[in-house]
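Breakdown of the fold
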Amino acid sequence: MTPGPDRQPLDRAFFDRPVLEVAPDLLGRVLVRRTPDGPIELRLTEVEAYAGPADPGSHAYRGRTERNAVMFGPPGHAYVYFTYGMWHCLNLVCGPEGHASGVLLRAGEVLHGHERAHERRPKARNDHELAKGPARLATALGVDRRLNGIDACAGADAPLGILTGHPARPDQVLSGPRTGVGGEGATHPWRFWIDGDPSVSPYRAHTPRRRNATRRQVGT
């Protein structure tokens, strides 16, 4: 049986475009996480674009490192990083190889595999909170550094894949500053989300760390 048009996998050409084209076009697409316990499917509702060397907010702004090397690789691969010593975040590499741009998957609506997502996110009060934020999304899907570099265009046996889904209409898509980004990249309106969707995470501006104040309080 041939899958319907909404079940077709997105190919590498989809991701081999400028990041500001790919990011809003991912809204409404379906992310598939295949695990030994069974699959989880999630409709993407919120993303952020990061433009590599041209973007002060990007991990690749200052060039290639061991941590961000996947961002410089072929489009369509997963870039997974660990942050705050607690959480993983999932990105999809896009643009031409060597350019180092990517899209952070910030939030989504779980469509299938709710029980598996709830096992990983037992504190979620309802289904809308399962993947409401990038760390929650990665946790609900069981994403960690072992998936860093995985090819999301490799086919039905790959741990990750992206299906066509039902792309959000242009009039449904809003944009604004990225969450928690400071410095020169703070005002870039490169966060995209589906208007009114309950799974979209709340916006939070960047809060500088008060290192000097902390030192004064402890007398150093």
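In every chain, residue numbers begin from 1 and rise along the written sequence. Given that this is a predicted model, residues contribute local features only at a pLDDT of at least 70 and side-chain atom pairs are listed and counted only at 80 or more, while totals for whole chains, interfaces and linings are drawn from all residues. To get the side-chain values, all heavy atoms of the structure are used, and hydrogens and water are removed first.

So, about the layout of surface pockets. If you add up the space inside the largest pocket, you get close to 1,400 Å³. Numbering of helices and strands runs from the N terminus, with a helix taken as a DSSP run of H or I at least four residues long and a strand as a DSSP run of E at least two residues long. At the level of elements, strand 2 (38-50), strand 3 (78-83), strand 4 (87-94), strand 5 (101-112) and helix 4 (134-141) are the ones that each hand at least two residues to the lining of the largest pocket. In this count, Pro and Cys sit with the nonpolar residues alongside Ala, Val, Leu, Ile, Met, Phe, Trp and Tyr, while Asp, Glu, Lys and Arg are called charged and the others, Gly among them, polar. Across the lining of the largest pocket, the residue classes tally to 17 nonpolar, 14 polar and nine charged. Taken as a whole, the second largest pocket holds about 170 Å³ of empty space. Lining the second largest pocket are 16 residues; nearest its centre among them are P9, R34, G155, A156 and L163. Going through the elements one at a time, strand 1 (30-35) and strand 6 (160-163) are the ones with two or more residues in the lining of the second largest pocket. Counting residues per element, the lining of the second largest pocket draws most heavily on strand 6, at four residues. Any residue with an atom within 4 Å of a point lines the site, the site being either a cavity, points on a 1 Å grid over the protein atoms alone where a 1.4 Å probe fits but cannot get out, or a pocket, an open set with protein on both sides within 12 Å along at least 5 of 7 lines. Grid points are joined across faces, edges and corners, and a volume is the space filled by probe spheres set on the points.

As a further point, take the pattern of salt bridges. Salt bridges are counted wherever a side-chain nitrogen of Lys or Arg sits within 4 Å of a carboxyl oxygen of Asp or Glu. Inspection of every chain in the model, using the stated rule, returns 14 salt bridges. In this structure, the salt-bridge partner of D151 is R12, at a minimum N-O distance of 2.7 Å. Separated by 139 residues along the polypeptide, D151 in the loop between helix 4 and strand 6 and R12 in helix 1 (residues 12-15) bring together distant segments of the chain. Residue class for D151 comes out buried when judged on its relative accessible area of 18%. Note on exposure labels: buried denotes an accessible area under 20% of the residue type's maximum, exposed denotes more than 50%, and partly exposed covers the range between, all computed with a 1.4 Å probe on protein chains only.

Before going further, it helps to spend a moment on the confidence of the model for the protein. Confidence scores here are pLDDT values: one per residue, from the predictor, ranging 0 to 100. Summary statistics for the protein give a mean pLDDT of 92 and a share of 93% for residues scoring 70 or more. Per-residue pLDDT stays below 50 along residues 211-220; that stretch engages in one contact with residues further than four places along the chain or on separate chains. Here a residue-residue contact requires only that any non-hydrogen atoms of the pair lie within 4.5 Å.

Turning to helix 4, a few remarks are in order. Among the eight residues that make up helix 4, six are buried, leaving the element largely enclosed by the rest of the structure. Those residues of helix 4 not exposed but buried are P134, A135, L137, A138, A140 and L141. Looking at the buried side of helix 4, the elements it contacts are strand 1, strand 2, strand 4, strand 5 and helix 3 (114-120). G142 sits one or two positions beyond helix 4 and adopts a positive phi of about 70°.

The next thing to look at is the packing of aromatic side chains. Each aromatic ring pair is characterised by the separation of its centres together with the angle its planes make. Ring pairs shown here join Phe, Tyr and Trp side chains whose ring centres sit within 6.5 Å, with only the six-membered ring taken for Trp; geometry is labelled stacked below 30 degrees between planes, edge-to-face above 60, and tilted in between. Applying the stated criterion across every chain yields a total of two aromatic pairs. With a centroid separation of 5.1 Å and 75° between ring planes, the pair formed by F14 and F15 is classed as edge-to-face. Ring geometry for Y79 versus Y81: centroids 5.7 Å apart, planes at 40°, classification tilted. Comparing Y79 with Y81, the two get one shared label, buried. In our convention, an over-ring charge means Lys NZ or Arg CZ found within 6 Å of a ring centre and within 35 degrees of that ring's normal. The ring centre of F14 lies 4.6 Å from the NZ or CZ of R17, which sits over that ring. The residue whose ring lies beneath R191 is W193, and the NZ or CZ to ring-centre distance is 4.2 Å.

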